[in-house]
Amino acid sequence: MSTVMQEMHTDIGLVNTIVARSSLSFINGEKGILEYVGYGIDDLARQSTFEETTYLLWNRRLPSRVELAEFNTLIRSNYDLSETLWDMIVSLPRDASPMHALRTLTSALALEDPAADDPSIEANTRKSIVMLAKMPALIAGFDRHRKGLDLIRPNVEATIAENFLYMLTGKKPTERMSRAMDICLILHADHGFNASTFASLVTISTLSDIYSAVTTAIGTLKGPLHGGANQGVMYMLQEIESIDAVEEYVLNKFANKERIMGFGHRVYKSNDPRATYLKTFAEGIAQDTGNIDLFNKSQRIEEVMDREVGSKGIYPNVDFYSATTYFSLGIDLDLFTPLFAMSRVSGWTAHCMEYLAENRLIRPRCDYVGPHEQEYVSISQR
Ligand code: CMC
């Protein structure tokens, strides 16, 4: 081993490695604290909006009333898609997974941006607004296309949350539904150097463009150990026939060495504050929409998990109760992860812009454990 390699340490999964400084989100995994730029997640979920939270992440301060109004106007003026993009949506296979569709369509946004490769902060802010504002149309548009429904143009009077629900269903959502959606968007907006954010940083650190960085992030978020878990939670809840079947189901999973989706976290070894908040919220919305059985089943899973693995620091994460919330809002299971992306785009872009200010190529090493000095045998001799 070379001297340089001897000085390095191996950290599989980057469990104990800090790769950069950031002033966007703070997580205390032992105490269950999450702050965006110093503001507690609970305060933001109760009092802020997704747009204001995004402004906070991008500017590292809360906006004034005028600044927020201007920001909202700018976002809304970017809601609609070009004819090329609407055509592209209806050209996609109807049976494609919405996450594959979202990744492809987000990538396509770069095709019609002549300044796609401009790395300036002004250009990146503009491109971030484009992605933030258009993702609801991309997700809702694809969902309607696959169901054979007419595509709906955005409502530029509406918030991101309201506009998404409107474009998805064709109906004006109730205030409670819009608020539930808005809160989910706030809670998922940022979370330190999670896998998808880190993936976006790897891409941006090569001085590639921010559309590519977000496309990378969407591909990473899709995995069942990351954003794909919310969908997995819902499959599990549907698979468990009744509240009485919960215990056997969970114990069987453990016996087969399988994981329970929506539990455990790399950073939180106590309660995930997002899950704590969503739990109360999910109960209310499940009650209102006739889905309280689902909530009760979730609560029973939590009890069994607490008894079995609570001592190992495995608790519900954000995906556990967001599943019940989205289901109660009438959203299809395979749209849960695209919704996560629709929110996290604010965090991904905030981190990319922050990282670029002090950019350093992210290029770790691997610990080579393969053979050396092998004799090359020509193909005719093998
Ligand atoms: N169900 C059962 N056992 C679990 C679970 C779970 N959900 N999560 C962790 N464990 C066990 C794991 O088997 C291991 O046990 P042992 O030490 O006996 O081998 C121990 O806990 C440590 O697990 P790990 O995989 O080494 O921990 P990690 O920090 O690498 O994993 C995680 C974090 C999120 C990948 C993992 O907890 C997991 O797979 N959870 C289920 C998927 C999930 O809900 N993901 C969403 C994460 S939060 C939202 C997001 O970021 O997208």
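Everything below is about the structure printed above this text.
Below, the structure is looked at part by part. Here the structure is a predicted model, which is why all the values come from computation and not from measurement.

Conventions and cut-offs
Residues numbered from 1 in each chain as written. Predicted model: local features only at pLDDT ≥ 70, side-chain atom pairs only at ≥ 80, totals over all residues. Heavy atoms only, no water. Helix = DSSP H or I, 4+ residues; strand = E, 2+ residues; numbered from the N terminus. Rg over C-alpha atoms; globule rule 2.2 N^0.38 Å. Buried < 20%, exposed > 50% of the residue type's maximum accessible area, 1.4 Å probe, protein only. Salt bridge = Lys/Arg side-chain N within 4 Å of Asp/Glu carboxyl O. Near = heavy atom within 4 Å. Polar contact = N/O pair within 3.5 Å; in protein donor to acceptor, adjacent residues only side chain to side chain. Nonpolar A, V, L, I, M, F, W, Y, C, P; charged D, E, K, R; others polar. Pairing = 2+ DSSP bridges. Phe/Tyr/Trp six-rings, centres within 6.5 Å; stacked < 30°, edge-to-face > 60°. Lys NZ or Arg CZ within 6 Å of the ring centre and 35° of its normal. 1 Å grid on protein atoms, 1.4 Å probe; cavity = no way out; pocket = protein on both sides within 12 Å on 5 of 7 lines; lining within 4 Å. Points joined across faces, edges and corners; volume = space filled by probe spheres on them. Contact = heavy atoms within 4.5 Å.

### Notes on the overall build of the protein chain
Moving on, step 1. Looking only at helices and strands, the protein chain has 17 helices and three strands in total.
Moving on, step 2. The C-alpha radius of gyration of the protein chain comes to 22 Å, within 12% of the 21 Å expected for a compact globule of 382 residues.
Moving on, step 3. Projected onto its principal axes, the C-alpha positions of the protein chain cover 70 × 55 × 50 Å.
Moving on, step 4. Expressed as a percentage of the 382 residues in the protein chain, the buried residues total 50%.

### Some words on the pattern of salt bridges
Moving on, step 1. Under the counting rule described, the total for this entry stands at 21 salt bridges.
Moving on, step 2. Linking R153 and D80 is a salt bridge whose minimum nitrogen-to-oxygen distance equals 3.3 Å. Remark: D80 occurs in the loop between α4 (65-76) and α5 (83-91) and R153 occurs in the loop between α7 (121-146) and α8 (160-169); sequence separation between them is 73 residues.
Moving on, step 3. Its relative accessible area of 32% is what places D80 among the partly exposed residues.
Moving on, step 4. Between R126 and D113 there is a salt bridge, with the nearest N and O atoms lying 3.2 Å from each other. In this pair, R126 is assigned in helix α7 and D113 in the loop between α6 (98-109) and α7, connecting sequence segments 13 residues apart.

### Concerning the site of the ligand
Moving on, step 1. Looking at the ligand, there are 20 residues lining it, with H226, R259, I260, F263 and R266 nearest.
Moving on, step 2. In the model, a nitrogen atom of the ligand is placed 3.0 Å from a nitrogen or oxygen of the L225 main chain.
Moving on, step 3. In the model, an oxygen atom of the ligand is placed 2.6 Å from a nitrogen or oxygen of the H226 side chain.
Moving on, step 4. Partitioned by chemical class, the residues of the shell around the ligand number 10 nonpolar, six polar and four charged.

### Brief notes about the sheet that holds strand β1 (residues 25-28)
Moving on, step 1. Spatial ordering of the open sheet is given by β1-β2-β3, a layout of three strands whose pairing is antiparallel. Looking along the sheet, the strands with just one partner apiece sit at the ends: β1 and β3 (39-40).
Moving on, step 2. Pairing of β1 with strand β2 (residues 33-36), which is carried by four bridges, proceeds in the antiparallel orientation. Bridging across to β2, I27 finds its partner in L34.

### Notes on the packing of aromatic side chains
Moving on, step 1. Counted under the stated rule, the structure contains seven aromatic pairs.
Moving on, step 2. Both rings, one in Y55 and one in F71, keep their centres 5.3 Å apart while their planes meet at 85 degrees; by these two values the pair is edge-to-face. Here F71 lies in helix α4 and Y55 lies in helix α3 (residues 50-59), a separation of 16 residues in the sequence.
Moving on, step 3. When its relative accessible area of 8% is taken as the criterion, Y55 is described as buried.
Moving on, step 4. Look at F71 and you get buried, because its relative accessible area is 8%.
Moving on, step 5. A ring pair is formed by F295 and Y321, whose centres lie 5.8 Å apart and whose planes are at 40 degrees; its orientation type is tilted. Here F295, found in helix α15 (residues 292-309), pairs with Y321, found in helix α16 (residues 318-328); they are 26 residues apart in sequence, far enough to count as distant. Per residue, the accessibility class of F295 equals that of Y321, and both read buried.
Moving on, step 6. Chaining the aromatic ring pairs together yields one cluster made of F263, F295, F320 and Y321.
Moving on, step 7. Sitting above the plane of the Y376 ring, R382 keeps its charged end 5.4 Å from the centroid.

### Things to note about the layout of surface pockets
Moving on, step 1. Its volume calculated, the largest pocket comes out at about 1800 Å³.
Moving on, step 2. Taken together, 49 residues make up the lining of the largest pocket; nearest its centre are N194, A195, H265, R266 and V267.
Moving on, step 3. Broken down by secondary-structure element, the contributors of at least two residues to the lining of the largest pocket are β1, α10 (195-205), α15, α16 and α17 (336-357).
Moving on, step 4. Taken together, the residues of the lining of the largest pocket break down into 24 nonpolar, 14 polar and 11 charged.

### Details of empty space enclosed by the protein
Moving on, step 1. Enumeration according to the criterion identifies one cavity of 30 Å³ or more in this entry.
Moving on, step 2. Of the volumes computed, that of the largest cavity is approximately 40 Å³.
Moving on, step 3. Lining the largest cavity we find G264, H265, Y268, S270, D272, G313, I314, Y315, P316 and N317.
Moving on, step 4. In the lining of the largest cavity, the residues fall into four nonpolar, five polar and one charged.

### Describing α8
Moving on, step 1. Counted residue by residue, α8 has seven buried out of 10 residues, so it is predominantly covered.
Moving on, step 2. Along α8, the residues classified as buried are I160, A161, N163, F164, L165, M167 and L168.
Moving on, step 3. Looking at the buried positions of α8, the neighbouring elements they touch are α3, α4, α5, α7, α9 (175-188) and α17.
Moving on, step 4. Immediately beyond the C-terminal end of α8, within one or two residues, lies G170, with a positive phi of roughly 80 degrees.

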